[in-house]
Amino acid sequence: MAAQIVATESTTVDLGPATALSCRECGHRVPLGPLFACEECFGPLEIAYDFSSYDTEELRKRIEAGPANIWRYAPLLPVPADVADKPNINPGWTKLVAADNLARELGVEAGKLFVKDDSGNPTHSFKDRVVAQAIEAARAFHFTTLSCSSTGNLAGAVGAAAARAGFRSCVFIPHDLEQGKVVMAAIYGGELVGIEGNYDDVNRFCSELIGDPAGEGWGFVNVNLRPYYAEGSKTLAYEICEQLGWRLPDQLVVPIASGSQLTKIDKGLQELIKLGLVEDKPYKIFGAQAEGCSPVSVAFKAGHDVVRPQKPNTIAKSLAIGNPADGPYVLDIARRTGGAVEDVNDEQVVDAIKLLARTEGIFAETAGGVTVGVTKKLIDSGLLDPTKTTVVLNTGDGLKTLDAVAGTGLTATIRPSLESFREAGLA
Ligand SMILES: Cc1ncc(COP(=O)(O)O)c(C=O)c1O
Ligand SMILES: [Zn+2]
């Protein structure tokens, strides 16, 4: 099955069923390589596949017999067939939690609300999924240094994956991120550089570095390896459907920073339908942003096709991308599926983090607070149907954003005596 594709005159790559890069805008195709923009129209390049030889039932059995991580879906990803044998942090197959307590609080019908808890990945965010794909492309294209521009979680995921796979890593973040994110990014021994500016400044700097001799041999997972990286988010769609018994959910609520994750979840669902692995039926995708960085939500509500950049100011720093690359595609998907894009303010983010923790025992980072908060707002406004199967994504771990819930702590401090315990009113 593995296709041998000549990527450049000097490079032969084996990335399994991936056959080419295809422009999302004009469909122009080029061989697989470390490219991200169409030479004809500057549109984003995506992976094209050949799935034509797959038999639905054989594929389903092969997936179900696969490892309890994203590599069970290797036949649907741009990775070589022997990917599971390579040094990798093997993310995925995280829990789909039946969130009945949260459902009760939000007025959702019993048995209909689920939280896909991606804080359970090796570096505690969904970013391990995308980095796992990018690292296979980095190997195929003989890069020696792995890099990225990051709002925090991606930096940690790159650091860990590079350490395990034997790459050098040098990653770039805004200089003022949460301490939990900084430590998580630095602990794996790679280089971590803080840039004086916001994420959009960091990203611009990385684009310059790619074009400079100083960046030669560097694979930027979310820039020149972006087509491969982005495919990792499809595994969230695959897992959700498989965990629901090979069924599509009716509604999904997904956080948005660049919008890559949301667009690839949609791509993953479409692939499962085309492959016959799930029954075709309508589903709605809802996007979630923080009010302090809500360029996609603002455009959605105004009925615009163009996303006007914002200067972010929110505690949800992982989602603080003011100029989201995939913003217009998110708008398309929300409108095409009958979903919506909504935002919540920082106070609602904190309330939602506490609500999820108190009802389901899941401690989400601010991005999860955004998603749960938006879910509540969409139910209250009638846009999200509380009688339909709904999956809410928690994409990161609350231990990395402790500052957001500062003040949460001891109920009381007492002497080690029953008398003191009673005095504190705890008996
Ligand atoms: C925890 C978390 N959730 C969601 C996202 C959004 O990802 P995307 O840029 O693919 O929209 C990010 C991005 O950094 C993140 O860190
Ligand atoms: Zn094009």
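What you see is a predicted model, and the numbers here were worked out from it, not measured in a lab.

Asks: Help me get a handle on the packing of helix α3 (residues 127–140) against helix α4 (residues 153–165), residues and values and all.
Replies: One can describe the packing of α3 onto α4 by two numbers: an axis separation of 9 Å at closest approach and a directional angle of 45°. By the criterion of interaxial angle, the relationship of α3 to α4 is oblique. In the crossing of α3 with α4, the sense of the turn from one axis to the other is right-handed. Here K127, D128, V130, V131, I135 and R139 of α3 come into contact with α4, specifically with N153, L154, A157, V158, A161, A162 and A165. In terms of residue class, the contact of α3 with α4 is built from nine nonpolar, one polar and three charged.

Asks: Kindly report on the site of ligand 1, identifying the contributing residues and their values.
Replies: Near ligand 1 lie 16 residues; those nearest to it are N153, S258, G259, Q261 and T395. Within the contact set of ligand 1, an oxygen atom lies 3.0 Å away from a side-chain nitrogen or oxygen of T151. A total of 390 Å² of accessible area belongs to ligand 1 in isolation, and the protein chains cover 98% of it. Formed jointly, the shell around ligand 1 draws a minimum of three residues from each of two domains, domain 1 (95–122 + 233–405) and domain 2 (127–229).

Asks: Please give an account of the nonpolar core that cites residues and values.
Replies: Counting residues in each nonpolar core, the largest one holds 125 residues, and the members touching the most others are F141, Y228, L269 and V370. Each of domain 1 (95–122 + 233–405) and domain 2 (127–229) gives at least three residues to this core. The residues touching Y228, leaving out its near neighbours within four places in the chain, are L15, L21, L32, G33, I47, P78, Q133, A137 and F141.

Asks: Go over the side chain of N121 with me, naming the residues and quoting the values.
Replies: Here N121 is to be found in the loop between β7 (113–117) and α3. Note on N121: relative accessible area 2%, which makes it buried. Only 3.3 Å separates the side chain of N121 from the backbone oxygen of S125, close enough to count as a polar contact. For N121, the residues in contact, after removing those within four places along its chain, are P91, G92, T94, F126, D128 and R129.

Asks: Describe in detail the coordination of the zinc ion (ligand 2), supporting the description with residues and values.
Replies: For the zinc ion (ligand 2), the protein coordination sphere consists of C23 (SG), C26 (SG), C38 (SG) and C41 (SG), at 2.2 to 2.4 Å. Its four donor atoms give the zinc ion (ligand 2) angles of 99 to 118° at the centre, a pattern that matches the tetrahedral case. A relative accessible area of 4% means that C23 is categorised as buried. A relative accessible area of 2% places C38 in the buried class.

Asks: Tell me what's going on with the pattern of salt bridges, and back it up with residues and numbers.
Replies: On inspection of all chains with the given rule, the structure shows 28 salt bridges. R24 is paired through a salt bridge with E46; the nearest N and O atoms lie 3.4 Å apart. Of this pair, R24 sits in the loop between β3 (18–23) and β4 (29–30) while E46 sits in strand β5 (residues 45–49), placing them 22 residues apart in sequence. In this structure R24 comes out as partly exposed when scored by relative accessible area, which is 31%. One salt bridge connects E57 with R60, and the closest N-O pair in it is separated by 3.1 Å. Of the two residues, E57 and R60 are both situated in helix α1 (residues 56–64); the distance of three residues between them amounts to about one turn of the helix. Judged by relative accessible area, which is 15%, R60 ranks as buried. A single network of salt bridges, built from pairs that share partners, joins K116, D118, R129 and E239.

Asks: Give me the UniProt feature "modified residue: N6-(pyridoxal phosphate)lysine" (unreviewed entry) in the protein: which residues, what numbers.
Replies: Here, the residues flagged by UniProt with the feature "modified residue: N6-(pyridoxal phosphate)lysine" (unreviewed entry) are K127. Positionally, K127 belongs in helix α3. Ignoring sequence-local partners within four residues, the contact set of K127 consists of N153, L154, A157 and Y229.

Asks: Quick one: what's the story with the environment of L102, residue by residue and with numbers?
Replies: If you trace the backbone, L102 turns up in helix α2 (residues 100–106). Here L102 falls in the buried class, since its relative accessible area comes to 1%. Residues L102 and V115 lie 13 residues apart in sequence; the distance between their C-alpha atoms is 9.4 Å. Residue contacts for L102: discarding those within four places in its chain leaves L113, V115, L355, L356, T359 and E360.

Asks: Break down the domain arrangement of the protein for me, citing the residues and quoting the values.
Replies: With domains assigned, the protein is organised as domain 1 (95–122 + 233–405) and domain 2 (127–229). One C-alpha centre belongs to domain 1, the other to domain 2, and the line joining them spans 24 Å. With 24 residues of domain 1 at the interface, the matching set in domain 2 holds 16 residues. Summed over both partners, the interface of domain 1 with domain 2 comes to about 1,700 Å²; 43% of that surface belongs to carbon and sulfur atoms.

Conventions adopted
- Residues numbered from 1 in each chain as written.
- Chains lettered and ligands numbered in written order.
- Predicted model: local features only at pLDDT ≥ 70, side-chain atom pairs only at ≥ 80, totals over all residues.
- Heavy atoms only, no water.
- Axes fitted to C-alpha atoms, helices over the stretch in contact; angles between N-to-C directions.
- Helix = DSSP H or I, 4+ residues; strand = E, 2+ residues; numbered from the N terminus.
- Parallel < 35°, antiparallel > 145°, perpendicular 65-115°, else oblique.
- Left-handed = near helix turned anticlockwise from the far one by under 90°.
- Contact = heavy atoms within 4.5 Å.
- Nonpolar A, V, L, I, M, F, W, Y, C, P; charged D, E, K, R; others polar.
- Near = heavy atom within 4 Å.
- Polar contact = N/O pair within 3.5 Å; in protein donor to acceptor, adjacent residues only side chain to side chain.
- Areas by Shrake-Rupley, 256 points an atom, 1.4 Å probe, with all protein chains shown as cover.
- Domains from an automatic or database assignment.
- Core = buried A, V, L, I, M, F, W, Y, C linked by side-chain atoms within 4.5 Å.
- Buried < 20%, exposed > 50% of the residue type's maximum accessible area, 1.4 Å probe, protein only.
- Donors = N, O, S within 2.8 Å, 3.2 Å for Na, K, Ca; no water.
- Tetrahedral: all angles 85-135°; square planar, octahedral: opposite > 155°, others 65-115°.
- Salt bridge = Lys/Arg side-chain N within 4 Å of Asp/Glu carboxyl O.
- UniProt positions renumbered as here; feature names shortened; annotations may be inferred.
- Buried area = accessible area lost by both parts, 1.4 Å probe.

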